[in-house]
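# Survey of secondary and tertiary structure
In case you want the letters, here they are:
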Amino acid sequence: MATTAPIRSDVDEILPGVIADRRHLHQHPELAFEEHETAKFVAERLRQLGVEDIRTGVGGTGVTGLIHGRKGPGKVVLLRADMDALPIQEENEVDYASTVPGKMHACGHDAHTAMLLGTARVLMQRREEFAGTVKLLFQPAEEVPPGGAIAMIRDGALEDPHVDAVLGLHVAADMPAGQIGVREGPGSAGSDRFRVTIQGKGGHAARPQSAIDPVVIAAQIVLALQTLVSRETDPMQAAVVSTTAILAGEAFNVIPDTAELRGTVRTLSPEVRARMQERLPALVEGVARAMGAEAQVEYILGYPGIVNDPAMVAIVRQAAIEVAGEENVVVNELGMGGEDFAYFSLERPGCFFRVGTRNEARGIVWGHHHPRFDVEEEGMVNGMATMAQAAIAYLNGARGA
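A brief structural summary.

Conventions adopted
Residues numbered from 1 in each chain as written. Predicted model: local features only at pLDDT ≥ 70, side-chain atom pairs only at ≥ 80, totals over all residues. Heavy atoms only, no water. 1 Å grid on protein atoms, 1.4 Å probe; cavity = no way out; pocket = protein on both sides within 12 Å on 5 of 7 lines; lining within 4 Å. Points joined across faces, edges and corners; volume = space filled by probe spheres on them. Helix = DSSP H or I, 4+ residues; strand = E, 2+ residues; numbered from the N terminus. Nonpolar A, V, L, I, M, F, W, Y, C, P; charged D, E, K, R; others polar. Expected span 1.5 Å × (residues − 1). Buried < 20%, exposed > 50% of the residue type's maximum accessible area, 1.4 Å probe, protein only. Contact = heavy atoms within 4.5 Å. Phe/Tyr/Trp six-rings, centres within 6.5 Å; stacked < 30°, edge-to-face > 60°. Salt bridge = Lys/Arg side-chain N within 4 Å of Asp/Glu carboxyl O. Pairing = 2+ DSSP bridges.

### Some thoughts on the layout of surface pockets
In this structure, the largest pocket occupies an estimated 950 Å³ of space. Along the wall of the largest pocket there are 37 residues; nearest its centre are His170, Met336, Gly337, Gly338 and Glu339. Looking at the lining of the largest pocket, the elements with two or more residues in it are β5 (165-176), β8 (190-199), β12 (258-267), β13 (294-303), β15 (329-331) and β16 (350-358). Ranked by the residues each element gives to the lining of the largest pocket, the list is headed by β5, at five residues. Among the residues forming the lining of the largest pocket, the class breakdown is 14 nonpolar, 14 polar and nine charged. A volume near 180 Å³ is recorded for the second largest pocket. Leu268, Ser269, Pro270, Gly305 and Val307 are the residues nearest the centre of the second largest pocket, which is lined by 13 residues in total.

Here it is in structure tokens:
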């Protein structure tokens with residue numbers, strides 16, 4: 001449902017302010033649940049805009065606020081942005097580089113926060129055009145499970161008022177600026193972790209027969225874990241098991257007592273996820289036992305997978321077409337990254353979409369979590385306009401295809 005005037009023009013007008021906000025946030029990154037100054041900045045911006053019922057400290061350092069449409073009561077749609085940075089030393093030589101050693105917005109959450117502030121400004125200007133309520137939610141700690149989404153939900157962020165639908169976005173380093181990506185159904189992977197401690201028997205490296213070598217056993221386990229995907233998972237299902245750390249010993253001539261493995265498991269199907277949780281410990285313990293050792297397995301459940309509601313996807317896709325043109329609206333490639341927006345999408349119908357921010361001509365090509373990650377700020381325009389357009393369409397009764 002198109003509004004009375006193009007939202008894109010409103011966003012173009014406010015873009016310099018959004019860029020200034022994004023660069024300020026980029027210069028002052030804060031890690032998960034430490035976003036105190038970021039939250040203060042957000043709350044002050046919301047007060048300046050006239051947003052109502054601003055609440056701070058939700059789920060730790062989260063912020064929420066309400067924008068009421070003037071066409072009467074109606075549904076409530078929640079718009080979410082995450083705020084936390086990463087423990088990475090920035091390598092970009094730009095005048096807005098991080099001023100905090102060892103901390104950097106290397107995933108685009110500075111852009112997400114600035115974009116939602118910009119979207120709030122547009123929606124405040126267009127309150128006459130929609131019924132119902134927009135709930136703005138600025139979330140801490142997306143980067144560190146169990147994450148800030150579940151903490152905010154437990155603090156009542158989906159109630160008072162009751163939220164009917166949810167929308168979120170993420171900048172995409174692999175998509176050209178100007179594109180919007182949406183996908184029905186699975187939108188991210190279940191993201192779990194494991195830690196394995198192998199108890200062997202130490203000894204002299206020249207006399208391995210007198211020891212139980214946890215390093216060799218660890219190597220066997222690393223290889224065996226791959227059979228969970230290659231021989232136990234339906235080839236039509238997606239799963240990844242990656243061992244990302246092996247910690248054992250310190251000397252050239254000593255077989256250590258213990259070895260530790262760490263890694264991650266990514267799945268799209270809840271059934272495959274549950275099976276991995278059962279089978280990985282059983283396999284690890286069995287291999288260790290067969291080789292004379294013992295293994296303790298800690299399997300740590302992380303974020304579930306996002307599930308994008310078909311009707312909400314249709315609303316977002318139509319909004320993106322109106323904003324960016326059909327040629328710039330693509331189907332997201334399904335990846336195995338984790339994202340705690342999943343908790344919102346499990347509670348309410350929702351859509352999590354991607355916003356292209358790659359610009360090869362300017363060298364903005366580095367991936368998320370890289371020390372040279374950056375965003376093409378012009379790409380934020382279509383992201384904000386799509387979010388605002390979709391929110392208004394939903395509140396005015398659009399139900400998608």
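Resuming the write-up.
### Some words on helix α3 (residues 109-125)
With 17 residues, α3 extends 24 Å from end C-alpha to end C-alpha; this agrees with the ideal 24 Å at 1.5 Å per step. The buried fraction of α3 is high, at 15 of 17 residues.

### Looking at unusual backbone geometry
Note that the residue after Pro145, namely Pro146, is joined by a cis bond; omega there is 10°. Inspection of the secondary structure puts Pro146 in the loop between β4 (133-139) and α4 (148-154). Positioned with a positive phi, Phe33 is a non-glycine residue whose angle comes to about 65°. Mapped onto the fold, Phe33 is located in the loop between α1 (7-27) and α2 (36-49). On the accessibility criterion, Phe33 (36% relative accessible area) is partly exposed. Phi angles above zero are rare outside glycine, and Asp53 is one such case at about 50°. Note that Asp53 resides in strand β1 (residues 52-58). For Asp53, a relative accessible area of 35% puts it in the partly exposed group.

### Some points on the environment of Tyr299
Looking at where Tyr299 falls in the secondary structure, it is placed in strand β13. Classification of Tyr299 as buried rests on a relative accessible area of 15%. For Tyr299 and Glu34, which are 265 residues apart along the polypeptide, the C-alpha to C-alpha distance reads 26 Å. Residues within four places of Tyr299 in sequence aside, it is in contact with Asp192, Arg193, Phe194, Val265, Arg273, Met276, Gln277, Leu280 and Pro281.

### What about the packing of aromatic side chains?
All told, the structure shown has three aromatic pairs when counted by the stated rule. When the ring of Tyr303 is compared with that of Tyr343, the centres are 6.1 Å apart and the planes differ by 85°; the resulting orientation is edge-to-face. Placement of Tyr303 in strand β13 and of Tyr343 in helix α9 (residues 342-347) is noted, with a sequence separation of 40 residues between them. For the residue pair Tyr303 and Tyr343, the accessibility class agrees, reading buried in each case. Here the aromatic rings of Phe341 and Phe352 are separated by 5.0 Å at their centres, their planes lie at 35°, and the arrangement is tilted. Here Phe341, found in the loop between β15 and α9, pairs with Phe352, found in strand β16; they are eleven residues apart in sequence, far enough to count as distant. You'll find Phe341 and Phe352 in the same group, each marked buried. One aromatic cluster is present, formed by Phe341, Phe344 and Phe352 through successive ring pairs.

### Brief notes about the pattern of salt bridges
This model, assessed by the stated rule, comprises 28 salt bridges. Residue Lys40 pairs with Glu37 through a salt bridge whose shortest N-O separation is 3.4 Å. With Lys40 and Glu37 both in helix α2 and three residues apart, the pair spans about one turn of that helix. Residue classification places Lys40 among the exposed positions, given a relative accessible area of 52%.

### Let's talk about empty space enclosed by the protein
Under the defined criterion, the tally for this structure stands at one cavity of 30 Å³ or more. Estimated volume of the largest cavity: approximately 60 Å³. Among the elements that line the lining of the largest cavity, the one with the most residues is α3, at four residues. Residue classes in the lining of the largest cavity are distributed as six nonpolar, two polar and one charged.

### Side note on the environment of Pro87
Locating Pro87 in the fold gives a position in the loop between β3 (76-82) and α3. A residue is classified by how much of its surface remains accessible, and Pro87, at 61% relative accessible area, is exposed. As a C-alpha pair, Pro87 and Ala32 span 55 residues in sequence and 9.7 Å in three-dimensional space. Residues in contact with Pro87, not counting those within four places in the same chain, are Leu31 and Gly102.

### As for the pairing of β8
Relative to β12, β8 runs antiparallel, the two being bridged by ten bridges. Note on β12: the bridge partner recorded for Arg193 is Thr264. As paired strands, β8 and β13 are joined by eight bridges and run antiparallel to one another. Across the sheet, Arg195 pairs through a bridge with Glu298, a residue of β13.

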